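# Secondary and tertiary structure notes
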Amino acid sequence: MFDSRHIRTFHEVVVSGSYSAAARALGYTQPAITQQMKALERAVGVPLFTRAGRGLRLTEAGEALARHAETILDSLSSAQQQLGALARLRAGKVRVCAFPSANATLIPETMARLLADHPGIRVELLEAEPPDSVDRLLRGECDIALAFQYPGLPVDVPPEVVETPLMEDQLTVLLPVGHPLARRHAVRLADLACERWIAGCPRCRANLLKICAEQGWTPDIVFTTDDNLAVQSLVAAGVGIALMPALVLSFLCHAKVTGRLVEPHHRRRVLAYALREHLRMPATALVLDELRRAAAARAGC
């Protein structure tokens, strides 16, 4: 393997024509230049220079190396500049996989800050509900995965993954405008036992079944969809009611539906996941910090 310092010194010797001239140009002593060229010749295995009077002449091996030296040095310079930009957060790409309501709320707020303060950072956005988002992280398809947890329904996280809590998201019941219970500030879950229900993604459905079972009844689920807009439209049409996180209601609000707090209160935790080794990447750590800031601004949502 060649030492890049020796390649740089060799290139200067070729350009300047002598060890002494190269020493002056590089700020070295002539013996230091001689030692470096001897070390390079040992690495190559053949002589690179021969004496021609008081000057130097390249051997065939020296001519071959000279043809590549400038390209090698240019590539090293380009690599140093690119790595420096990554370290100084002037460049970088981060792949984020998140569930739909996070993509519509936390991600835009995070991107706005990144574009203002670090315009060289690029975010590639993917969408998946948990636990698929965490599985995509483990398969190397993203650098950060956003997911949510309901009490008693945790996501299994392997030891190589770091979990970062972002926020707690209040659950509300979605009712059609004009529903008798819509006049209340909060609705007891027990008062909804006779209603028809629209369920969401598998984890949301499992949570609905769990909290209703704790109250001693089973919800009559007449429709299931993970499309948040479809849920609101179905509620507005009188098909059923739904349990929906406040994060969703912050960006979707059908004119013919209303949200009310549920008693007892129920929340889901919103979290970010990243592989431990990925947190050493400056761009990944930056995006995670900005996600925390966006979530903190929604504290109590």
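## What about the packing of helix α1 (residues 4–16) against helix α2 (residues 19–26)?
The geometry of α1 relative to α2 is characterised by a closest axis approach of 8 Å and an angle of 120 degrees between their N-to-C directions. Here α2 runs oblique to α1, going by the angle between their axes. The element α1 and its partner α2 pack so that their crossing is right-handed. Along the contact surface, α1 presents T9, E12, V13 and S16, while α2 presents Y19, A21, A22, A25 and L26. Residues belonging to the contact of α1 with α2 are distributed by class as follows: 6 nonpolar, 2 polar and 1 charged.

## Remarks on the packing of α1 against helix α3 (residues 30–44)
Axis separation between α1 and α3 bottoms out at 9 Å; the angle between their running directions is 115 degrees. Comparing the axis directions of α1 and α3 gives the class roughly perpendicular. In the packing of α1 onto α3, the handedness of the crossing is left-handed. Contact with α1, carried on its side by R5, H6, I7, T9, F10 and V13, involves I33, Q36, M37, A39 and L40 of α3 and no other residues of that element. A class-by-class count of the residues in the contact of α1 with α3 yields 7 nonpolar, 3 polar and 1 charged.

## With respect to the environment of R67
Checked against the element boundaries, R67 lands in helix α4 (residues 60–87). For the pair formed by R67 and A145, sequence separation is 78 residues and the distance between their alpha carbons is 47 Å.

## A closer look at the nonpolar core
Grouped together as the largest cluster of nonpolar side chains are 43 residues, with contacts concentrated most on I144, L146, L166, V173, L192, W197 and V287. Elements with a minimum of two residues in this core: β3 (92–98), α6 (106–117), β5 (144–149), β6 (161–176), α8 (202–214), β10 (241–245), β12 (267–275) and α11 (282–296). The leading source of residues in this core is α11, at 7 residues. Residues F10, A23, I33 and A69 belong to the second largest nonpolar core, which totals 15 residues.

## Observations concerning empty space enclosed by the protein
By rolling a water-sized probe across the atoms, one finds the places where empty space is left. Overall, the coordinates contain 1 cavity of 30 Å³ or more when judged by the stated rule. Along its surface, the largest cavity is lined by 25 residues, and G200, C204, N228, L243 and P245 are the ones closest to its centre. Contributions of two or more residues to the lining of the largest cavity are made by α5 (100–103), β8 (196–199), α8, α9 (228–236) and β10. Broken down by class, the residue content of the lining of the largest cavity amounts to 16 nonpolar, 5 polar and 4 charged.

## Description of the packing of aromatic side chains
In this structure the tally under the stated criterion is 5 aromatic pairs. Plain terms: the ring middles of F99 and F148 are 5.0 Å apart, the flat faces sit at 85 degrees to each other, and that makes the pair edge-to-face. Of this pair, F99 sits in the loop between β3 and α5 while F148 is found in strand β5, placing the two residues 49 residues apart along the sequence. Exposure remark for F99: the relative accessible area of 1% places this residue in the buried category. Each ring, one from F148 and one from Y150, has its centre 5.6 Å from the other, and the planes form 75 degrees; the classification is edge-to-face. Among the residues examined, F148 registers a relative accessible area of 1% and is labelled buried. The structure contains a cluster of three or more aromatic residues connected by ring pairs, namely F10, Y19 and F49. A cation over an aromatic ring shows up here: R268 above the ring of F148, its NZ or CZ 4.5 Å from the ring centre.

## Brief notes about the pattern of salt bridges
One pass over the full model with this rule turns up 13 salt bridges. Notably, a salt bridge pairs D191 with R188, separated by 2.9 Å at the nearest N-O pair. If you follow the salt bridges from partner to partner, you end up with R136, R139 and E141 in one network.

## Topic: α8
Taking 1.5 Å per residue as the helical rise, α8 with its 13 residues ought to reach 18 Å, and the 18 Å between its terminal C-alpha atoms agrees with that figure. Among the residues making up α8, those that are buried are R203, C204, N207, L208, I211 and C212. Buried residues in α8, looked at end-on, bunch into an arc of 165 degrees, giving them a common side. Residues of α8 that are exposed and angled more than 90 degrees away from the buried face: P202 and A213. Contact partners of the buried residues in α8: β5, β6, β8, β9 (220–224) and β10. Remark: G216 follows α8 within two positions and exhibits a positive phi of approximately 95 degrees.

Conventions adopted
- Residues numbered from 1 in each chain as written.
- Predicted model: local features only at pLDDT ≥ 70, side-chain atom pairs only at ≥ 80, totals over all residues.
- Heavy atoms only, no water.
- Axes fitted to C-alpha atoms, helices over the stretch in contact; angles between N-to-C directions.
- Helix = DSSP H or I, 4+ residues; strand = E, 2+ residues; numbered from the N terminus.
- Parallel < 35°, antiparallel > 145°, perpendicular 65-115°, else oblique.
- Left-handed = near helix turned anticlockwise from the far one by under 90°.
- Contact = heavy atoms within 4.5 Å.
- Nonpolar A, V, L, I, M, F, W, Y, C, P; charged D, E, K, R; others polar.
- Core = buried A, V, L, I, M, F, W, Y, C linked by side-chain atoms within 4.5 Å.
- Buried < 20%, exposed > 50% of the residue type's maximum accessible area, 1.4 Å probe, protein only.
- 1 Å grid on protein atoms, 1.4 Å probe; cavity = no way out; pocket = protein on both sides within 12 Å on 5 of 7 lines; lining within 4 Å.
- Points joined across faces, edges and corners; volume = space filled by probe spheres on them.
- Phe/Tyr/Trp six-rings, centres within 6.5 Å; stacked < 30°, edge-to-face > 60°.
- Lys NZ or Arg CZ within 6 Å of the ring centre and 35° of its normal.
- Salt bridge = Lys/Arg side-chain N within 4 Å of Asp/Glu carboxyl O.
- Expected span 1.5 Å × (residues − 1).
- Arc of directions from axis to C-beta.

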